[in-house]
Amino acid sequence: MENATENEGPKRRLIFTYGTLKRGFPNHNLTKDLIDNNDAVFLGNYSTQFSFPLIIGPYGVPYLINLPGSGRRVRGEVYAVSDRGLIRLDELEDTAVGHYDRLPVLVVGNDGDTVGIAAECYFAGRGVWEGLWSGKDGEELAEYTAREALKYVWKDQRSKRLP
Ligand code: PCA
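Within an unreviewed UniProt entry, the label attached to the chain reads Gamma-glutamylcyclotransferase family protein, and the organism entered is Cucurbita maxima. Under Sequence similarities (unreviewed entry), UniProt gives the following word-for-word description of the chain: "Belongs to the gamma-glutamylcyclotransferase family." In UniProt, the chain has this text filed under Function (unreviewed entry): "Putative gamma-glutamylcyclotransferase."

Structure below.
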């Protein structure tokens, strides 16, 4: 029966958040709304299994660059997100225009786990990070913190600041 799948409950995808979607950060209102609507569940604090560059771009926007081996291992949070929730996250991150690309990433718990868990995260779109990152070590973060969040300009405020 076609309806049988509905009884299995909503499908969930593991999403590793490393930036503004985390608790206490500028876009957590969306994450919180997904939680309140049963479209996301907080699973815990995780880090990427491998290192990636994490940089802050224009308007204080954080970008994880999909170049494993460069940068640092990055700390963040994992959520189990429904398909309906994913649509809203993809919309915020503008995946349709390649601002971010939602791609697989292996994460590990912060309690010494060594087996990577398959999640996905929003990596900077290819056209976005080229030119932002010099490729030199030293400018990458291991965590997006309140200090970086101070520089964040809300999406709807950005065009107004253009000259
Ligand atoms: N939002 C997503 C990607 C970067 C950002 O600010 C996140 O928090 O993971």
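Turning our eyes to something else, we now look at the UniProt feature "domain: Gamma-glutamylcyclotransferase AIG2-like" (unreviewed entry) in the chain. UniProt tags residues 15–125 as "domain: Gamma-glutamylcyclotransferase AIG2-like" (unreviewed entry). When the span residues 15–125 is considered, its composition is 17% helix and 40% strand, and the gap between its end C-alpha atoms is 17 Å.

On to the UniProt feature "active site" (unreviewed entry) in the chain, then. Mapped onto this numbering, the UniProt entry gives "active site" (unreviewed entry) at Glu93. With respect to the helices and strands, Glu93 occurs in the loop between helix 2 (83–92) and strand 6 (100–109). On the basis of relative accessibility, which here comes to 8%, the residue Glu93 falls in the buried class.

Turning our eyes to something else, we now look at the side chain of Asp39. Mapped onto the secondary structure, Asp39 falls in the loop between helix 1 (28–36) and strand 2 (40–48). Here Asp39 falls in the buried class, since its relative accessible area comes to 5%. Here Asp39 is in contact with Arg12, Leu34, Ala80, Val81, Ser82, Arg84 and Gly85, once residues within four sequence places are set aside.

Reading the values: rules and limits
Residues numbered from 1 in each chain as written. Predicted model: local features only at pLDDT ≥ 70, side-chain atom pairs only at ≥ 80, totals over all residues. Heavy atoms only, no water. UniProt positions renumbered as here; feature names shortened; annotations may be inferred. Helix = DSSP H or I, 4+ residues; strand = E, 2+ residues; numbered from the N terminus. Buried < 20%, exposed > 50% of the residue type's maximum accessible area, 1.4 Å probe, protein only. Contact = heavy atoms within 4.5 Å.

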